[in-house]
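One-letter residues, chain by chain:
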Amino acid sequence: MAQVKIVTDSTAILSDEEIAQLDITVIPLTVVIDDVLYEDGVTLSREEFMEKMEEANNLPKTSTPAIGAFSDVYERLTADGSEIISIHLTPELSGTCQTAQQAAQLVSPDHIHVLNSAFIDRALSFQVIKAAKLAQMGASAADILSEIEKTKQNTQLYLTLDSLDNLSAGGRISKATGFIGGLLNIKIGAHVVDGDIIAEVKGRGAKTIRNYIDKIVDEMHATSGIEMIGLSHAGIPEKAAELGARLAQEFPEATISINQTSPVVATHTGAGAYGLSYLVKG
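Predicted model, so just to flag it, every value in this text is computed and none were measured.

Q: Provide a residue-level description of the overall build of the chain, including the pertinent values.
A: Each helix and strand counted, the chain has eleven helices and 13 strands in total. Rg of the C-alpha trace for the chain: 19 Å, near the compact-globule value of 19 Å for 282 residues, within the 12% margin. With the C-alpha coordinates of the chain rotated into their principal frame, the extents come out at 60 × 45 × 30 Å. Residue pairs at least 24 apart in sequence account for 73% of intrachain contacts in the chain once pairs closer than 6 positions are excluded. Within the structure as shown, the chain displays about 13200 Å² of accessible surface, and the carbon and sulfur contribution to it stands at 50%.

Okay, structure coming up:
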């Protein structure tokens, strides 16, 4: 019987159990570290990436999956007449969504719906999980697409950066700015809005991040209730566990997921970063 199948990319932070239980197909991005090519989540784990990035001579480079990676998956999943909903990270950080759209046009444009989530990391996963659960319940593609849009509107994602080094090395800011930021111990707090990363606060020392997180928690308490929380980190599991314990105490009804972030995020943010996402009940 024809059904709806869910596809995403490896920047969606999902557990192995979620992928298996919800029958989600994940297409990996590629990572190049000192001229060695890896597949995110296939030949390189998130934790291994952090170790290799620290030891690397140059800043790692991430790239979109080849169009053939998408077309092969799309052909296989639509062979029985099924429809596909393929949900991907914001185009502001990667060309993955555009490549998926090109593959969909080649394979079966009437049966494949490619969506820009406008997010990354666990915030992207909120949409993927919602879609997969509805697909397993037998919902139509139209109904699932409607619910995904609601989930998108009810999602917020914030980032904190402990250092400007990687942004500077990757050309996202000038090297002079990055050098000065390093000297001054500058920290950044940012909000992802419509796929864009908007810096909201910057300041010296760890207090900047603590105050920014306090502000986010206050905003969360002002909502109608929190359904899911995603806390991702770049190589700081102990600190993430501490913050996760606080969030669990503040929002006992929410489902909380704490994970190492993906190579794509960690490459841009560097070690010590957080990604805090939440889904408002609605």
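From this point, things continue past the structure.
Q: Describe the pattern of salt bridges, naming the residues involved and giving the relevant values.
A: Counted according to the given criterion, the structure contains ten salt bridges. Note that Lys 150 and Glu 147 form a salt bridge whose closest N and O atoms lie 3.2 Å from each other. Here Lys 150 pairs with Glu 147, and both are found in helix H6 (residues 141-153), just three residues apart, close to one helical turn. Residue Lys 150 is classed as partly exposed on the basis of its relative accessible area, which comes to 47%. On the basis of relative accessibility, which here comes to 25%, the residue Glu 147 falls in the partly exposed class. The shortest N-O distance in the salt bridge between Glu 219 and Lys 215 comes to 2.9 Å.

Q: Can you break down unusual backbone geometry residue by residue, with the values?
A: The backbone of Asp 34 sits at a positive phi, close to 50°, despite the residue not being glycine. Its place among the elements puts Asp 34 in the loop between strand E3 (30-33) and strand E4 (36-39).

Q: Tell me about the environment of Gly 275, and please be specific about residues and values.
A: By secondary structure assignment, the location of Gly 275 is in strand E13 (residues 274-280). A relative accessible area of 7% places Gly 275 in the buried class. Sequence separation between Gly 275 and Leu 231 is 44 residues; the distance between their C-alpha atoms is 5.8 Å. Dropping the residues within four chain positions of it, Gly 275 is found in contact with Leu 157, Tyr 158, Leu 159, Gly 230, Leu 231 and Ser 232.

Each value, and the rule that gives it
Residues numbered from 1 in each chain as written. Predicted model: local features only at pLDDT ≥ 70, side-chain atom pairs only at ≥ 80, totals over all residues. Heavy atoms only, no water. Helix = DSSP H or I, 4+ residues; strand = E, 2+ residues; numbered from the N terminus. Rg over C-alpha atoms; globule rule 2.2 N^0.38 Å. Contact = heavy atoms within 4.5 Å. Areas by Shrake-Rupley, 256 points an atom, 1.4 Å probe, with all protein chains shown as cover. Salt bridge = Lys/Arg side-chain N within 4 Å of Asp/Glu carboxyl O. Buried < 20%, exposed > 50% of the residue type's maximum accessible area, 1.4 Å probe, protein only.

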